[in-house]
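# Structural overview for review
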Amino acid sequence: MFFYKKIYVSVLQTMFSFVEIQRRIAPKAGMIIQRVVLHSRPGKNGVPVAENFRLEQSTIADTIQAGQVRVRTLYLSVDPYMRCRMNEDTGSDYLLPWQLSEVADGGGIGIVEESKHDNLAKGDFVISFSWPWQTVAILDGSLLQKLVPQLVNGHLSYFLGAAGITGLTALLGIKEKGHVAAGANQTMVVSGAAGACGSLAGQIGRLEGCSRVVGIAGTDEKCSILVQEMGFDAAINYKKEDVAEQLRKLCPGGVDVYFDNVGGDISDTVISQMNRNSHIILCGQISQYNKDVPYPPPLPPDIEKIQKERNITRERFLVLNYMDKQEASVLQLCQWIQEGKLKVRETMVEGLANVGAAFQSMMNGGNIGKQIVLVSK
């Protein structure tokens, strides 16, 4: 019996030794994470759906290299421009297409959990506009910007919206292309007015000097919020009201500045009521994003004739061309937020698994203000 016991112990020792050797020589599995990849393309003329994206499990390295940080994702931004990235050809020289079965990316905010970058430490909040849609990531620290939560009263997600690129687009668009002047008695119309950029643009137009601001939105709730919370003088529900008739009533002196987020029929109607030497701020054309047309889309011949005859400016606006004004503009936006002069609305969706549904809802106009995905707390 003793003999067999010795053999049994010897076999166990051999097995444990083999397992230990294998553990030492086998490559490390890495940290398990979740990520969202582009599963399929909707086609240039197709409507994007949640199923175009896929949630999957993946891994990242257990260790980070010099200059890198490991971050836990807190917030992701979902934006209309991303529709172009779902195509093989984005139609733009500054936007890269998402690749099938590869992780999607965009604006994101996270917290540093480990750092080997000189200027970033554990616990810092950071932002990037090429943040991967995954729960945890290893990023180049030099490509991240450290955030100061106090600038937005602790509302970190505002840096993806009102105090970020969205707010900059609204502010710089109005300053650079709107030609708004205090005391000039100008009337501004904003389409897509309850969206991320439009809801800010109307307020900023007022702050910059417009005497009257009218918004166009798609529900009574949105119109009520624009007037009751955000200080618009009036709002038009384009799904229930005659936009041309309401514009004549609400803008009796015509339209001087048009902040265009949608394009299409609504924009044609607004342009037909614009004054001589007025200005169109060409921010977005969401009504055209599911169509295979150039950007900016050409106007119908009769509307183009009006534009030329009345000398209405309509120039493409790209906020990335004005990054030299970023710092001062962000500080201005933060000041307005702190003073309560700039009201911020967000539509918050929880969970990385719901980012596709959030994108679909945003493209269908389901959001009020900025569409944000809360990945972790």
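Residues numbered from 1 in each chain as written. Predicted model: local features only at pLDDT ≥ 70, side-chain atom pairs only at ≥ 80, totals over all residues. Heavy atoms only, no water.

## Some thoughts on the sheet that holds strand β10 (residues 234–237)
The pairing of strands in a sheet happens through backbone hydrogen bonds and is either parallel or antiparallel. Taken together, six strands build an open sheet; the order of strands is β10-β9-β8-β11-β12-β13 and the sheet is parallel. At either margin of the open sheet sits one strand with a lone partner, and together these are β10 and β13 (313–316). With direction set aside, neighbouring strand axes in the sheet form an average angle of 20°. In the sheet, strand β9 (residues 212–217) pairs with β10 via four bridges, with the strands oriented parallel. When the sheet's bridge partners are listed, Val 214 is paired in β10 with Ala 234. Across the sheet, helix α6 (residues 243–250) lies against β8 (187–191), β9 and β10, angled at about 170° from β10, the strand it touches most. (Pairing = 2+ DSSP bridges. Helix = DSSP H or I, 4+ residues; strand = E, 2+ residues; numbered from the N terminus. Axes fitted to C-alpha atoms, helices over the stretch in contact; angles between N-to-C directions. Contact = heavy atoms within 4.5 Å.)

## Concerning the packing of aromatic side chains
All told, the structure shown has five aromatic pairs when counted by the stated rule. Taking the centre distance of 5.9 Å and the plane angle of 75° together, the rings of Phe 53 and Trp 98 count as edge-to-face. Placement of the pair is Phe 53 in strand β2 (residues 53–60) and Trp 98 in the loop between α2 (82–85) and β4 (105–115), with a sequence separation of 45 residues. Overall, Trp 98 belongs to the buried group, its relative accessible area being 2%. Ring geometry for Phe 317 versus Tyr 322: centroids 5.4 Å apart, planes at 25°, classification stacked. An identical accessibility class is assigned to Phe 317 and Tyr 322; each is buried. (Phe/Tyr/Trp six-rings, centres within 6.5 Å; stacked < 30°, edge-to-face > 60°. Buried < 20%, exposed > 50% of the residue type's maximum accessible area, 1.4 Å probe, protein only.)

## Digging into the confidence of the model for the protein chain
For the protein chain, the mean per-residue pLDDT works out to 89, and 89% of the residues sit at or above 70. Segment residues 1–27: pLDDT under 50, and zero contacts once partners within four positions in sequence are set aside and those in other chains are kept. For the stretch residues 287–293, pLDDT sits under 50, and the model shows 26 contacts to residues farther than four places along the chain or on other chains. (pLDDT = per-residue confidence, 0-100.)

## So, the nonpolar core
Tyr 75, Phe 159, Ile 174, Met 188, Ile 204 and Phe 259 are the most contacted members of the largest nonpolar core, which has 52 residues in total. Not counting residues within four places of it along the chain, the set of residues in contact with Ile 174 comprises His 179, Val 180, Met 188, Ala 201, Ile 204, Gly 205, Glu 208, Phe 259 and Ile 281. Val 69, Ala 104, Trp 131 and Met 363 belong to the second-largest nonpolar core, a separate cluster that totals 27 residues. (Core = buried A, V, L, I, M, F, W, Y, C linked by side-chain atoms within 4.5 Å.)

## Some remarks on the packing of helix α3 (residues 165–178) against helix α9 (residues 326–339)
With their axes 10 Å apart at the nearest point, α3 and α9 run at an angle of 100° to one another. Relative to α9, the element α3 lies roughly perpendicular. Mapping the contact onto sequence places Gly 167, Leu 168, Leu 171 and Leu 172 in α3 and Gln 326, Ser 329, Val 330, Gln 332, Leu 333 and Trp 336 in α9. For the contact of α3 with α9, the per-class residue count stands at six nonpolar, four polar and no charged. (Parallel < 35°, antiparallel > 145°, perpendicular 65-115°, else oblique. Nonpolar A, V, L, I, M, F, W, Y, C, P; charged D, E, K, R; others polar.)

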